[in-house]
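Report on the structure
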Amino acid sequence: MIRRQRLAAGVCALLAALTAGLALPGPAAADETEQAAPKVELVLDVSGSMRTRDIDGGTRMAAAKQAFNEVLDATPEEVRLGIRTLGANYHGNDRRTGCKDTAQLYPVSTLDRTEAKTAVATLSPTGWTPIGPALLKAADDLNGGDGARRIVLISDGEDTCQPLDPCEVAREIAAKGIGLTIDTLGLVPDAKTRDQLSCIADATGGTYTSVQHKEELSDRVGQLVDRAADPVVTPVATEGARECSSAPSLKSGLYTDREEFGRQRWYKVAVEPGQEVRASVSVADDRAVNPDYGVLLRAVTLHGREIVRGEAAGDGRTDVISTGLRYPRPESDDENAAAETVCLQVTNSFSPAAGVKTTPGLPLELTVDVVDGPSKASDVASFGLGRGWWLLGALVLAGFVAGLLWGWVSRWRVAVWRTN
């Protein structure tokens, strides 16, 4: 019995070692593509409420200045950083004038730390809270270039310049497809401020953080600035069509689009014989939606025949729902075989909650990858392992033979021991 247990353990170990050795990927090639310089603009609320003393015994403005100075010292050299203020210059009570009070304190450029700190030191809490206009101006400040772009908004209250809803402004910025992310930090943990700042962040794929201490503020702003320096893939803005015949032709890459509630978008991909198209789609509900929803991704021929589909459904509250598909095209004996046009259809069944605006459409992100297909590409169901079926069979056979040999040797040794 002991010998059999050892035999089984030895065979399992052998199989595990062979599998690990064969499955171990080779070293990845370094990405030599030079990334464009990332851009970050810090947008600071300098309205009158920033005089309040409730952050570690000091004013909110003092905490923000300390955080800015620490972040400026630690900003990576490759980051182009700028500073914009809102409510910093107008002292009066005229709402129309106060809602235009946003200015660029330091331009988005190579950082001169001394100059930037001097500019921050001059700030004094003054006026209104025009968050919407400030975000529009900040988006213009970061316009141009292909690198990562990020706005970090620090505020202690709601926008006081309605009806220009800052959440709608954020959705309009995201709808432009320029790959700009807005992160928000709230210095007051009340529900209204949290809801508005969360909505702004959600609209662009950013984050919201509630901050109540100096160290938290410094750490979080520093993390967001550092994150901008990380290599990123910026999605390419595209616009799907209402039918396949007029759909845009896509190559391998990451794309962003907007899709109306309950509607569909079409895209086209060319697939050569022996190639495989892999596609995935994510649709985000950046506003309140009704429960019970789904996303469908279909690969269809030009003549309308469905090839394969992927679908996902959910209920309740979620931020994003995703699905994907794979279609391997068989090899062809004809060397002059033409590429096959595969139509990708994206459909969603989201419906807006009562009183929620339906425009712009929901943010959609589509990934397309056309690669060399597996062997016997016509068998879609068997693609999961591809040639791995042969490997698995070889390992099972090798284990069986090894077990027989080990058992024969063990029995021979026992026979010799009994004879002696």
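Now for a quick tour of the structure.

Here we look at the packing of helix 5 (residues 131-141) against helix 6 (residues 166-175)
Viewed as axis vectors pointing N to C, helix 5 and helix 6 meet at an angle of 20°, and their least axial separation amounts to 8 Å. Here helix 5 is positioned roughly parallel relative to helix 6, judged by the angle of their axes. Both helix 5 and helix 6 take part in a crossing whose hand is right-handed. Note on element contacts: helix 6 touches helix 5 through Pro166, Val169 and Ile173, opposite Ile131, Gly132, Leu135, Leu136 and Ala139. Classifying every residue of the contact of helix 5 with helix 6 by side-chain character gives 7 nonpolar, 1 polar and no charged.

A short note on the nonpolar core
The biggest cluster of nonpolar side chains holds 32 residues, and the ones touching the most others in it are Leu44 and Leu217. For this core, the leading source of residues is helix 2 (residues 60-74), giving 7 residues. Dropping the residues within four chain positions of it, Leu217 is found in contact with Ala63, Ala64, Ala67, Ile154, Leu185, Leu187 and Val211. Of all hydrophobic cores here, the second largest spans 28 residues; its members include Tyr267, Val281, Val342 and Leu362.

A short note on the pattern of salt bridges
For the structure on display, the rule yields 20 salt bridges. Among the salt bridges present, the one from Arg171 reaches Asp286, with a minimum N-O distance of 3.9 Å. With a gap of 115 residues between them, Arg171 in helix 6 and Asp286 in the loop between strand 13 (275-284) and strand 14 (293-300) connect regions that are remote in the sequence. The residues Arg171 and Asp286 share a single accessibility class, namely buried. Note that Arg265 is salt-bridged to Asp257, the shortest N-O span being 3.4 Å. The burial state of Arg265 is the same as that of Asp257; both residues are buried. Because the salt bridges share partners, they merge into one network encompassing Glu168, Arg171, Arg258, Asp286 and Arg287.

Brief notes about the sheet that holds strand 9 (residues 236-237)
Strand order in the open sheet formed by 5 strands is 9-11-18-13-16, and the pairing between neighbours is mixed. Both edges of this open sheet fall to strand 9 and strand 16 (320-328), since each of them pairs with a single strand only. The pairing of strand 9 with strand 11 (residues 253-259) spans 2 bridges and is parallel. The residue bridging Ala237 from the neighbouring strand is Thr256, located in strand 11.

So, the packing of helix 6 against helix 7 (residues 191-203)
Between helix 6 and helix 7, the shortest axis-to-axis distance is 8 Å and the interhelical angle comes to 5°. By the criterion of interaxial angle, the relationship of helix 6 to helix 7 is roughly parallel. Residues Pro166, Cys167, Ala170, Arg171 and Ala174 of helix 6 form the contact with helix 7, whose own contacting residues are Gln196, Cys199, Ile200 and Ala203.

A closer look at the pairing of strand 17 (residues 340-348)
The element strand 17 is largely enclosed, with a buried count of 7 among its 9 residues. Relative to strand 17, strand 12 (residues 264-271) is paired through 8 bridges, and the arrangement is antiparallel. Pairing of Val271 across the sheet is with Glu340, part of strand 17.

Some thoughts on the state of the cysteines
Under the defined criterion, the tally for this structure stands at 3 disulfides. Paired through a disulfide, Cys99 and Cys161 show a sulfur-sulfur distance of 2.0 Å. When the S-S torsion is -95°, as for the bridge of Cys99 with Cys161, the disulfide is left-handed. Of this pair, Cys99 sits in the loop between helix 3 (95-98) and strand 5 (102-109) while Cys161 sits in the loop between strand 6 (149-155) and helix 6, and the two are 62 residues apart along the sequence. According to the relative accessible area criterion, Cys161 is buried, its value standing at 6%. In this model, Cys244 is linked to Cys343 through a disulfide, with the two sulfur atoms separated by 1.8 Å. Between Cys244 and Cys343 the disulfide shows an S-S torsion of about -70°. By sign, it is left-handed. Of the two residues, Cys244 sits in the loop between strand 9 and strand 10 (249-250) while Cys343 sits in strand 17, which places them 99 residues apart along the sequence. Each member of the pair, Cys244 as well as Cys343, carries the same accessibility label: buried. Listing the disulfide partners of the protein chain by sequence rank of the bonded cysteines yields 1-2, 3-4, 5-6.

The rules we used
- Residues numbered from 1 in each chain as written.
- Predicted model: local features only at pLDDT ≥ 70, side-chain atom pairs only at ≥ 80, totals over all residues.
- Heavy atoms only, no water.
- Axes fitted to C-alpha atoms, helices over the stretch in contact; angles between N-to-C directions.
- Helix = DSSP H or I, 4+ residues; strand = E, 2+ residues; numbered from the N terminus.
- Parallel < 35°, antiparallel > 145°, perpendicular 65-115°, else oblique.
- Left-handed = near helix turned anticlockwise from the far one by under 90°.
- Contact = heavy atoms within 4.5 Å.
- Nonpolar A, V, L, I, M, F, W, Y, C, P; charged D, E, K, R; others polar.
- Core = buried A, V, L, I, M, F, W, Y, C linked by side-chain atoms within 4.5 Å.
- Buried < 20%, exposed > 50% of the residue type's maximum accessible area, 1.4 Å probe, protein only.
- Salt bridge = Lys/Arg side-chain N within 4 Å of Asp/Glu carboxyl O.
- Pairing = 2+ DSSP bridges.
- Disulfide = S-S within 2.5 Å.

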